[in-house]
Amino acid sequence: MFGVHTVAGQVFLLQLAIVVLLVTAAAVSLVLQGRRAGTQDARTRSLSVAEAFAHSPGIVAALESPDPTAILQPLAEEARKSTGVEYVVVTDRNGIRYTHPDPSLIGKHIIGPYKEAVEGRGFTSTFTGSRGPSVNSVVPVQRPDGTVVGLVSAGITIENVNALANRDVPVLLGAAAAALVLTAAGAALVSRRLRRQTHGLGPAEMTRLYEHHDAVLHSVREGVLIIGSDGRLLLANDEARRLLDLPPDAEGRTVTDLGLDAATAELLASGREASDEVRAAGDRLLAVNLRPTDAGGQAAGTVATLRDTTELTALAGRAEEVRERLLLLYEASARIGTTLDVTHTAEELTEVATPRFADVVTVDLAAPVLGGEEPGPEEETGPVIDMRRTAIAGAGADHPFHPAGRDMGFVPADSRVLGMSSGRSLLVPDVTTTRGWREQDPEQAARILEYGAHSLICVPLHARGVVLGMANFWRVRNPLPFDRDDLSFAEELVARAAVCVDNARRYTREHGLAVTLQRSLLPGALPEQSALDVASRYLPARAGVGGDWFDVIPLPGARVALVVGDVVGHGLHAAATMGRLRTAVHNFAGLDLPPDELLARLDELVSRIDQGESAEGAGTAVTGATCLYAIYDPAAGTCTVAKAGHPGPVLALPDGTVEAPDVPTGPPLGLGGLLFQAQELRVPEGSRLVLFTDGLVESREREFDVGLAMMRRVLASGERSAEETCADLIAAMLVTPPGDDVALLVATTRRLDPAHVGEWEVEPDPAAVSVVRRDVGRWLAAQGLDEEAFAAELILSELVTNAIRYGGPPIRVRLLLDRTLICEVSDAGRSAPHLRYAATTDEGGRGLYLVAQYAERWGTRYTAGGKVIWSEQKLGAGDQTVFAWDPELLGL
C-alpha cells in the first residue's frame, strides 16, 4: 500500500516531508520566541519590583537608621517571595549590600554596574552575578529633595527564563508524532477510496469500459453536453453538435462563446437544475434538462440533455397562455377587494386587467351602487339603469374615452337582456365592422376608432341576480382580436370583481347607516351659555363608526358640564350604546350630581344593562366604555373633573404653558364596585380645556404618549380661539383617515364678572330676612334690575325662610347675573324641599309654589357641606311674570 509507485505511498512521502519541515520550523521559532518573551517579561518584572520597593514608605528612614539591615532584610525577603524574583538587594550609594537572599553576602560590595543609578537614573541590564547570569534592574532611592540615599536591585536568573521556553518543546514533539500518525492513516484511506471508486478494476478493464461508454454516447439520438464548473464545454456528443450546430473546436470553449441563442446559453451556463425547459436554437425548439455532476460532494459541473421538440411549438404557446391567464386570475383574487370602497374596488379591476389582457379597461357602475344601494327592480327603475364611469385604466393622456365621474347613460336592468342567462356577454371581435355599439353615440364611437381600438368585450357586473354595472375591455395596441376564450376569461374575472363590488356596496350602506345614527345621536348644535367658548369635532373611523361622543350641558349657577365618552367597538351596536349612555348622562346631569357620583351611577347603569343583555342572550356587553365628566364654574374659576378609564384633559394656559393635569383614573364603566375620584382644577380665564378620545392621539403607528406630546406642541404654538384650535389639532394629528373614532371638545374659559356676583351671610334668625331683602334690592338697583327686584326679593324671602326654619347654619345667599338672574340659598341641611299644594286650612306650605310661579326654573343640588336651592329668572320680564292667583290655593 505504501510503495513508492502507488498513489498512497507518494501522498504519504509528501505529507511526511511537509510535517517534518513544519515541526522543525515551529520548534525553533517557539524556543526563540519563548526565550525572547521570557527575557522581556523578566526585565519588566524585575524593574517593577525594584521601583515598587524603592518608592515604598519608610525606605529612606530605614537606610538612614543605625542598622538598615535589621529593618530591610525581612522586607526584602518578603517582597522576593511574593513577587517571584530571584533576589531583592538594597545597597548604599557605594554598592555595599544591606540585604541579600544569601545572608553571607550582606555587607559586601555588589557585582555589576550601579554608577548610573547613583546619579538618579534607574536601568535594567543582563550580567553574571552570584547566582549566575541574571536580568537585573537597579533603581535609586531618593530623598524628597532628590538626593540618592541608596539603591534597590531586583533580578531573575537566565536559567529560569530558558526553563519557561523549553517547557513547550515536548508538547510540540508530541503534536508532530500525532501528525505523522494521521498522515499515515490519511494515505491509507485515500488508497482504499480509490480502489472502491474504481471497483477494483485494473488498467485494461478501465480502457474497455471507456470504449463502451464512448460508443454509447455518440450513438444515442439525444444530445448530451458535459459542462465544467467554470462554464466551459468539456464534452458534446454528435447529436448535441447537430442540434446546436456547434463548431468543430467547441470543446474547451465557454458555452456563451459558441454562438448559441442568448437564453439557451444562459441556461446552460447557469449550473442550476432544469427539467424540460424549452429554448430556441435556430429554427428548433429544444427541451433542455440540466443536472449537476457531483465529485466528492462538491459540484464539479453540469450534464445537459437536449431533445428536439419543434413540433410542440403550438402546444407550448397555448400552455403558456393558459398559465398566464391562471396567474392573472390568481393575482386578481389577491388584488381586487383589498378595501371596502366601491370606487377603489372598480379601480383595482381595471389595474389588474391592463395591459396583460386588455389595453384599455373601463368600469361603469349604477349610480345607486356608489351610494351603497342596489338598483331597484324594473318596476321601480324602469327598463334601464343610470350608469356612471367609475374607473378607467390603460388609456393615454389623449384618449377619447369618457373620464371617471362622467354619467354614461344606461344599461338594461335585467341581466338576461345581455345574455348572462346563457353564459354569454357582448363580444365584438372587430368593432370597425360592427354597427350596433356605435348607434348610441356615433361621434364618440368615431373618436374611439380613430384612437385605434379594434376589439371589445362588455361584461355586466352582477351579484345575486342584480346588475351593478358594466366592465368594458378594449384592445388598441395588441393586434389580436378578442375570441371566445377571452370572453370566458373576462366573465370569470368580472364575476370575482362583482362579488367584491357588492361587498363594498353593502359595507358602504351599513357604514352610512351607522354614521347617520351616530350623528343623529350626537348634539346637533351646542347649547347657548356664557361660561365657555366651545368648539367640537367628530370624525368616524375609517373601518366603521364607533361609540365616541361628546356633550355640553348647561347646569344651574351658570356652570357648564363637559362630557367626552367612548364605547369600545364599531358598528350600529356601539352607536346605539353610545346613545343610551349619552341620554343617561343628560338625566344624571339634570340631578346636578358631582362628577364622581355621576360616574358611579353611570357605572351602575352599565352593569345593569350588561346583566340584562347577558340574561336575554342577545347583544354585546357594554363593559369597556369610558367617560370623562367635567363641571366648569365661571364664578369660582374652577373645573371639577372625574374620569372612568378615559384619557385625562389637557389644559393650555394663557401664558403658553400646556399641562396634562393629574386626574385620578377610575375603572372603565361596567366593572362595578370600584370608586371614582374627582379632582378640582384652578383654571385661569382664557385657558383652553381640551377633552378628547384616544383615537385622536393613538394609532397603530403612534403610541399614546407620542401623540399626547404632539398635541401639547400644537397647543403651545400660539394663542388661538377654540374653533382654530380644533382645526389645528385635527390637521396636525390626523394626516390620514383615523383608524378609530375621534371626538374632540375644546373650551375656552370665561370668568363671570365679579361685579355680577353678590354674596351675603345670613344669620339663622327670621328677622334677618328683611335685612337680606334690603341688601338684595340695593344690589339689583345697582345692576339696573329694578324690574326684577320684586320677584327676586319674594323668591329670596321664601328660600331664606325655609333655610332658617328647616336648614342649618351657615346660611349664604348668592346672586349671579348672567343670561338670567340666578338666586342661590345654601345651608348645612341635607333635606331637600319639595313642592306641594296647600289645603285651604293650611297656614303654610305655599312658599315653593310662589317660587315656582315667579322663577323660570328652580331646583336643589347637594354639596359637601349641605345643599343649595336655586332659581332662575328671565331678565327683562319684570312684572309681566305670569302668576296663577288661585285664591283657593293661596287660602284666601
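A.B. asks: Any chance you could break down the overall build of the chain for me, citing the residues and the numbers?
C.D. replies: Broken down by element type, the chain carries 23 helices and 31 strands. Looking at the chain residue by residue over its 892 residues, the buried ones come to 44%. Long-range contacts, defined as pairs at least 24 residues apart, comprise 61% of the intrachain contacts of the chain with a sequence gap of at least 6. With an accessible surface of roughly 44800 Å², the chain has 55% of that area assigned to carbon and sulfur atoms.

A.B. asks: Help me get a handle on the sheet that holds strand β27 (residues 757–762), residues and values and all.
C.D. replies: If you trace the 5 strands from one edge of the open sheet to the other, you get β27-β28-β29-β31-β30, paired in antiparallel fashion. Each having just a single partner strand, β27 and β30 (857–863) make up the two edges of the open sheet. Neighbour-to-neighbour, the strand axes of the sheet open up by a mean angle of 15 degrees, direction not taken into account. Inspection of the sheet shows strand β29 (residues 820–827) paired to strand β31 (residues 866–874) by 8 bridges, in the antiparallel sense. What sits directly across from I822, in β31, is E872. Running at roughly 15 degrees to β29, helix α21 (residues 786–806) makes contact with β27, β28 (811–817), β29 and β31 of the sheet.

A.B. asks: Quick rundown of the nonpolar core? Include the residues and the values.
C.D. replies: One finds F357, V363, I457, L461, F473, W474 and L493 to be the most contacted residues of the largest nonpolar core, which totals 50 residues. Contributions of two or more residues to this core are made by α10 (313–335), α11 (342–353), β10 (360–366), β11 (384–393), β13 (426–428), β14 (455–463), β15 (466–475) and α15 (484–521). Apart from the residues within four sequence positions on either side, L493 is in contact with L329, A332, L349, A353 and F473. Residues A584, A589, L593 and V606 belong to the second largest nonpolar core, which totals 28 residues.

A.B. asks: Pulling in residues and values, what's your account of the confidence of the model for the chain?
C.D. replies: Of all residues in the chain, 81% attain a pLDDT of 70 or more, and the chain-wide mean is 78. In the predicted structure, residues 413–423 sits below a pLDDT of 50 and forms 21 contacts with residues beyond four places in sequence or in another chain. Overall, residues 879–892 carries pLDDT values under 50, and its contacts beyond four positions in sequence, including any with other chains, amount to 22 contacts.

A.B. asks: Please give an account of the sheet that holds strand β16 (residues 532–539) that cites residues and values.
C.D. replies: The strands that make up a sheet pair up through hydrogen bonds in the backbone, lying either parallel or antiparallel. Spatial strand order, β16-β26-β25-β21-β22: 5 strands in an open sheet with antiparallel pairing. Whereas interior strands pair on both sides, the edge strands pair on one side only; in this sheet they are β16 and β22 (658–659). The pairing of β16 with strand β26 (residues 742–749) spans 8 bridges and is classified as antiparallel. Along β26, the bridge assignment pairs L539 with V742. Lying on the sheet, helix α19 (residues 722–733) is in contact with β16, β25 (688–692) and β26; it crosses β16 at an angle near 25 degrees.

A.B. asks: Can you explain the packing of helix α20 (residues 768–782) against α21? Please cite residues and give values.
C.D. replies: At their nearest, the axes of α20 and α21 sit 9 Å apart, and the two run at 150 degrees to each other. Our classification of the angle between α20 and α21 gives roughly antiparallel. Handedness of the crossing formed by α20 with α21: right-handed. Of the residues in α21, those touching α20 at V769, V772, R773, V776, G777, L780 and A781 are D786, E788, A789, A792, E793, L796, S797, V800, T801 and I804. By residue class, the composition of the contact of α20 with α21 is 10 nonpolar, 3 polar and 4 charged.

A.B. asks: I'd like to hear about the pattern of salt bridges, residue by residue, with values.
C.D. replies: Within the structure shown, the criterion is met by 31 salt bridges. Between R335 and E331 there is a salt bridge, with its nearest N and O atoms 2.7 Å apart. Of the two residues, R335 and E331 are both situated in helix α10; the distance of 4 residues between them amounts to about one turn of the helix. Accessibility expressed as a relative area gives 34% for R335, which makes it partly exposed. Residue R774 is joined to D775 by a salt bridge in which the shortest nitrogen-to-oxygen separation is 3.7 Å. Among the residues examined, R774 registers a relative accessible area of 41% and is labelled partly exposed. D775 gets classed as partly exposed once you look at its relative accessible area, which sits at 21%.

A.B. asks: Got a sec to walk through α11? Specific residues and values, please.
C.D. replies: With 12 residues, α11 ought to run about 16 Å at 1.5 Å a step, and its terminal C-alpha atoms sit 17 Å apart, in line with that. Turning to α11, its buried residues number three or more, namely V342, T345, A346, E348, L349, T350, V352 and A353. One side-chain oxygen of the residue at the start of α11 lies 3.3 Å from the amide nitrogen of T343, identifying that residue as D341.

A.B. asks: Describe the packing of aromatic side chains, and please don't skip the residues or the numbers.
C.D. replies: For any pair of aromatic rings, geometry is given as the distance between the ring centres together with the angle between the planes. On inspection of all chains with the given rule, the structure shows 6 aromatic pairs. Both rings, one in F357 and one in F482, keep their centres 5.4 Å apart while their planes meet at 40 degrees; by these two values the pair is tilted. With F357 in the loop between α11 and β10 and F482 in the loop between β15 and α15, this pair connects stretches of sequence that are 125 residues apart. Take F357: its relative accessible area is 1%, and that puts it in the buried class. The exposure class of F482 is buried, given its relative accessible area of 2%. Among the aromatic residues, those joined into a cluster by ring pairs are F357, F473, F482 and F489. The ring of F489 has R325 lying over it, and the distance from NZ or CZ to the ring centre is 5.0 Å. Looking at R475, its charged tip hangs above the ring of F357, at a distance of 5.9 Å from the centre.

A.B. asks: Give me the lowdown on the pairing of strand β4 (residues 148–157), citing residues and values where you can.
C.D. replies: Regular strands show a simple pattern: their side chains alternate between the two faces of the sheet. Counting buried residues in β4 gives 10 out of 10 residues, a clear majority hidden from the surface. Here strand β1 (residues 87–92) runs beside β4; their pairing, made up of 6 bridges, is antiparallel. Along β4, the bridge assignment pairs T91 with L151.

A.B. asks: Explain a nonpolar patch on the surface residue by residue, including any values.
C.D. replies: A contiguous nonpolar patch, built from L14, I18 and L22 and spanning about 300 Å² of accessible area, is present on the exposed surface. Looking at the element boundaries, L14 is found in helix α1 (residues 7–54). Judged by its relative accessible area of 54%, L14 is exposed.

A.B. asks: Tell me about the environment of D245, and name the residues and values.
C.D. replies: If you trace the backbone, D245 turns up in the loop between α8 (238–244) and α9 (262–270). Residue class for D245 comes out exposed when judged on its relative accessible area of 64%. Linking D245 and L260, residues 15 residues apart in sequence, is a C-alpha distance of 8.6 Å.

A.B. asks: Describe in detail the packing of helix α18 (residues 704–715) against α19, supporting the description with residues and values.
C.D. replies: Angle between the axes and distance between the axes are the two parameters that describe a pair of packed helices. Their axes nearest at 10 Å, the elements α18 and α19 cross at an angle of 140 degrees. Between α18 and α19, the interaxial angle falls into the category oblique. Crossing handedness for the pair α18 and α19: right-handed. Taken together, the residues of α19 that come into contact with α18 (itself represented by G707, M710, M711, V714 and L715) are T725, D728, L729, A732 and M733.

Rules behind the numbers
Residues numbered from 1 in each chain as written. Predicted model: local features only at pLDDT ≥ 70, side-chain atom pairs only at ≥ 80, totals over all residues. Heavy atoms only, no water. Helix = DSSP H or I, 4+ residues; strand = E, 2+ residues; numbered from the N terminus. Buried < 20%, exposed > 50% of the residue type's maximum accessible area, 1.4 Å probe, protein only. Contact = heavy atoms within 4.5 Å. Areas by Shrake-Rupley, 256 points an atom, 1.4 Å probe, with all protein chains shown as cover. Pairing = 2+ DSSP bridges. Axes fitted to C-alpha atoms, helices over the stretch in contact; angles between N-to-C directions. Core = buried A, V, L, I, M, F, W, Y, C linked by side-chain atoms within 4.5 Å. pLDDT = per-residue confidence, 0-100. Parallel < 35°, antiparallel > 145°, perpendicular 65-115°, else oblique. Left-handed = near helix turned anticlockwise from the far one by under 90°. Nonpolar A, V, L, I, M, F, W, Y, C, P; charged D, E, K, R; others polar. Salt bridge = Lys/Arg side-chain N within 4 Å of Asp/Glu carboxyl O. Expected span 1.5 Å × (residues − 1). Polar contact = N/O pair within 3.5 Å; in protein donor to acceptor, adjacent residues only side chain to side chain. Phe/Tyr/Trp six-rings, centres within 6.5 Å; stacked < 30°, edge-to-face > 60°. Lys NZ or Arg CZ within 6 Å of the ring centre and 35° of its normal. Patch = residues over 30% accessible without salt bridge, like charges linked within 9 Å, V, L, I, M, F, W, Y side chains within 5 Å.

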